[in-house]
Each structure stands twice: as structure tokens, then as C-alpha cells.
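Letter by letter, the chains look like this.
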Amino acid sequence: METKVLPVSDESLALAADLLRRGELVALPTETVYGIAADARNGEAVKKIFEAKGRPQDNPLIVHICGMEMLRGIVAEVPERACKLAAAFWPGPLTMVLPKGPEVSPVTCAGLDTVGVRMPSHPVVQAVIRRSGVAFAAPSANLSGRPSPTNAADTFADMNGRLPLILDGGECTYGVESTVVSLAGKTPMLLRPGYVTREEMEQVLGEEVAVSHAILEKLNEGEVARSPGMKYKHYAPRAEVTILHGSFNAYRKYLASHAADGVWGLCFDGEAARLPVPCIEYGAEDDPAAQAHRLFSALRELDRNGAAVVYARCPEKDGVSMAVYNRLIRAAAFRVVEL
Ligand code: TXA
Ligand code: MG
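Residues numbered from 1 in each chain as written. Chains lettered and ligands numbered in written order. Predicted model: local features only at pLDDT ≥ 70, side-chain atom pairs only at ≥ 80, totals over all residues. Heavy atoms only, no water.

Draft legend 1. Summary view of the environment of L85. Inspection of the secondary structure puts L85 in helix α3 (residues 80–89). For L85, a relative accessible area of 0% puts it in the buried group. Taking the C-alpha atoms as reference points, L85 and V204, separated by 119 residues in sequence, lie 6.9 Å from one another. Beyond its immediate sequence surroundings of up to four residues, L85 is in contact with W90, L94, M96, V181, L183, M201, V204 and L205. (Helix = DSSP H or I, 4+ residues; strand = E, 2+ residues; numbered from the N terminus. Buried < 20%, exposed > 50% of the residue type's maximum accessible area, 1.4 Å probe, protein only. Contact = heavy atoms within 4.5 Å.)

Draft legend 2. Region of interest: the sheet that holds strand β14 (residues 279–281). Spatially, β14-β13-β15-β12-β16 is the arrangement adopted by the 5 strands of the open sheet, whose pairing is parallel. Two strands in the sheet have a free side with no partner beyond their single neighbour: β14 and β16 (336–338). Ignoring which end each strand starts from, the neighbouring axes of this sheet average 25° apart. In terms of strand pairing, strand β13 (residues 263–267) meets strand β15 (residues 309–313) through 4 bridges, oriented parallel. Directly across from G265, in β15, lies its bridge partner Y311. (Pairing = 2+ DSSP bridges. Axes fitted to C-alpha atoms, helices over the stretch in contact; angles between N-to-C directions.)

Draft legend 3. Summary view of the packing of aromatic side chains. All chains considered together, the criterion is met by 3 aromatic pairs. An angle of 35° between the planes, with centres 5.2 Å apart, marks the rings of F268 and Y282 as tilted. Here Y282 lies in the loop between β14 and α8 (288–304) and F268 lies in the loop between β13 and β14, a separation of 14 residues in the sequence. For F268, a relative accessible area of 1% corresponds to the buried category. A relative accessible area of 0% means that Y282 is categorised as buried. Positioned above the aromatic ring of Y251, the side-chain terminus of R313 is 5.6 Å from the ring centre. (Phe/Tyr/Trp six-rings, centres within 6.5 Å; stacked < 30°, edge-to-face > 60°. Lys NZ or Arg CZ within 6 Å of the ring centre and 35° of its normal.)

Draft legend 4. The packing of helix α1 (residues 10–21) against helix α4 (residues 123–132), seen in detail. Following both chains from N to C, one finds α1 and α4 inclined at 55°, their axes separated by 9 Å at the closest point. Put simply, α1 runs oblique to α4. When the axes of α1 and α4 are compared, the crossing they make is right-handed. Together, D10, L13, A14, A16, A17, L20 and R21 of α1 and V124, A127, V128, R131 and S132 of α4 make up the contact between the two elements. The residue inventory of the contact of α1 with α4, partitioned by class, reads 8 nonpolar, 1 polar and 3 charged. (Parallel < 35°, antiparallel > 145°, perpendicular 65-115°, else oblique. Left-handed = near helix turned anticlockwise from the far one by under 90°. Nonpolar A, V, L, I, M, F, W, Y, C, P; charged D, E, K, R; others polar.)

Draft legend 5. Summary view of the pairing of strand β5 (residues 94–99). Most of β5 is tucked away, with 6 of its 6 residues classed as buried. Examined bridge by bridge, β5 and strand β9 (residues 179–182) share 4 bridges and lie parallel to one another. Note that in β9 the partner of M96 across the bridge is V181. In this structure, β5 lies alongside strand β6 (residues 114–118), joined through 4 bridges in antiparallel fashion. Bridging across to β6, V97 finds its partner in G116.

Draft legend 6. Summary view of the side chain of S148. Among the secondary structure elements, S148 is positioned in the loop between β7 (136–137) and α5 (152–159). Within polar-contact distance, the side chain of S148 engages the side chain of E177 at 2.5 Å. Excluding residues within four positions of it along the chain, S148 makes contact with V33, S140, N142, E177, Y235, F296 and R300. (Polar contact = N/O pair within 3.5 Å; in protein donor to acceptor, adjacent residues only side chain to side chain.)

Draft legend 7. View of a negative patch on the surface. On the surface, E199, E200, E316 and D318 cluster together into a patch of negative charge. With respect to the element layout, E200 can be found in helix α6 (residues 198–205). (Patch = residues over 30% accessible without salt bridge, like charges linked within 9 Å, V, L, I, M, F, W, Y side chains within 5 Å. Areas by Shrake-Rupley, 256 points an atom, 1.4 Å probe, with all protein chains shown as cover. Salt bridge = Lys/Arg side-chain N within 4 Å of Asp/Glu carboxyl O. Lys, Arg positive; Asp, Glu negative; His and termini not counted. Charge placed at Lys NZ, Arg CZ, Asp CG, Glu CD.)

Draft legend 8. Representation of the environment of L328 in the model. Relative to the elements of secondary structure, L328 occurs in helix α9 (residues 321–331). Given the relative accessible area of 0%, L328 is considered buried. When sequence neighbours within four positions are dropped, the list of residues in contact with L328 reads I243, L266, Y282, L295, A312, R313 and P315.

This is the structure in C-alpha cells:
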């Protein structure tokens, strides 16, 4: 299959809408990462997403909408908590897990009785939904297990030959996938951290948002993941990544004693010139939003440079940093060294 990469224009948006209505796939930018869209109601179309990504069939997809009225049929009910969070954070990088409605294909939800929904703020997504009239399921546009793409070139690198169209809308704003919060249980639970933080949601809801422990730690053997996505190895570059937790000086010393061919550092802005191995910088130490924006493209850059072993500086664990730590610890297969 030939994969076209087209800039966003009236014609390319019309083509995207047409493909979606015909049950085909379209890769497109969102404010978080690039996604692969297919009609969420059409099980045959959604199956093509799983094939294109090589994604396990038991990992559910998020449904994207462009107005509250589209929730009808997609979710079974809109609890008060969902109204509050939608008013505060939609359109934007927040996914809510709610009781599933009758119109969503079981393939989209991997057979669960809940569905993840979000209303993205990206103008290209909104235009495509409006033109097609299709609420689409869309996972990140990476091959399963690889870092999520944050630009059209990285999307093409993974999806060339696997789908007919990539809309090139430039770099994504946030660079990490949406926050996922479950509102389907008795109390709200954070399933995946993102740019919308736990603290911000607690403020809006006036109650605690529990944190699934799988966010920052490895699941125990045999433990059931609340969010199936959490059980898979994720975001991994080809290199073996290890997080080094400690001061810059301790990091520098550790690199000096481990320097060898193929050893790279993943460090904060302004540090590379002072380190004894080649390094990629992924944002300033005190700027978690910049780290989120840079992390996935930095991991792909390490691959392109042929890095075999990567030692990464450790982000914080709260606020937006929780999203960065959550992605990096999976890229590192949970390897952390205390310096
Ligand atoms: O920012 C994003 O959310 C991007 C863009 C493209 O919108 N999409 C994205 O989708 O990250 P994906 O498929 O890569 O990640 C979806 C995550 C997975 O971890 C999945 O397990 C979880 O959301 N999820 C989806 N539906 C769920 C449900 N019903 N219950 C629990 N977890 C769910
Ligand atoms: Mg993903």
C-alpha cells in the first residue's frame, strides 16, 4: 500500500474524511501525539488499526469526539464527575473511561463494558471529525511497543506501507499521550498520567483521585491491569535504557566509569557539553512540560544515532513530571539505579 503524506489543506481534509467514512485508516496529528484513526462504530475498520500497529487485541482504544452531543450512543451515561472534568479540561488532553454505549464496536473497547473518550483540542482532529461525522478510535501512531510519534516523519517511519494517508500538521504541542482517568468505578482513578495532572483534577472534583500503582511501578506477576495498556512493554527505543536517580555530579561520575562505544546519555538541557559520553538533551531539569514535549523524539533520536546503552537523568514524579517518569520508566523496562 502506498502511504501518502499530505500537508493539511481543504483537499487533504476531504480525503481524510472520505477514507474514514469508507472504513479506512488515517494517521493525523493531535495536541498530544500522532494517532491512527478509524470509525469507532465499525469493527472491521478498527481491526485494521490493530493490524497496522501490531497491537494486542485486548488493549482498548480511545474514542475521539468534537462536541458533548457526540457522547450520546458512545457512552451509556455521563456522570456528574465527567461533566465537571469536561467543563474544565475539554477540549484537551484528558481521556475519561465511562460505561460503554451501544454504538461503539466491541473491537474498539477490546470487549470491555467501558469506553475511553476524549475531545481533542487540535484543529485538524476537530476538522476531520466535523467533516466526516465520524467519532473515531485512535491509538498513538507508533508500531506497538515503540515510542509514540510526535511529528509526521516519525509517524511515516513506523506506518509507511501500513495505511493510505498521513496528514502532516507539524509537531504536537504536548508530546505525551492524554491523561486517562477512570470514572466507571466508585471513586475516580488515574490510569495514565499526562499533561492534565492528578492535582488539577482533584481541585476540580473536590475529592481525591486514586493513582493506580502500575503507573510508577511494575505490575506484580499475574496482577490484572486496570488499564490493559499498562501491562505491555512500551515506548522502548532499541537501546537498553537505565534511569540513574541522583545529582548531576553523581550522574557525570557514573557515565565516566561506564563510557564505552555505543553508550549514550539522555540528560537535561545544558548538561551535554559537561558529560563524558555523547548525549541527547530532553528539556530543562525544572521544566516538565518541555521534557514531555521532547521525550519521545529524543528516544527516537537515540535510535537513529545507534545508541546501544542509554543512561537517563531521572525526572520528578509529581505534576506533569509523573507523565514523563511513567513513559521513561517503561522505556527503561523499570531499570532504575540509585546513585
Ligand atoms: O493522547 C492520546 O490519548 C492519544 C491520541 C492519539 O489521542 N491516543 C492514545 O491511545 O494514546 P493509545 O491507544 O496509545 O492509549 C490508550 C490507553 C491505553 O493504555 C489503554 O489501555 C487505555 O488508554 N484505555 C483505553 N480504553 C480503556 C478502557 N475502557 N479502560 C481502561 N483503559 C483504557
Ligand atoms: Mg500508545
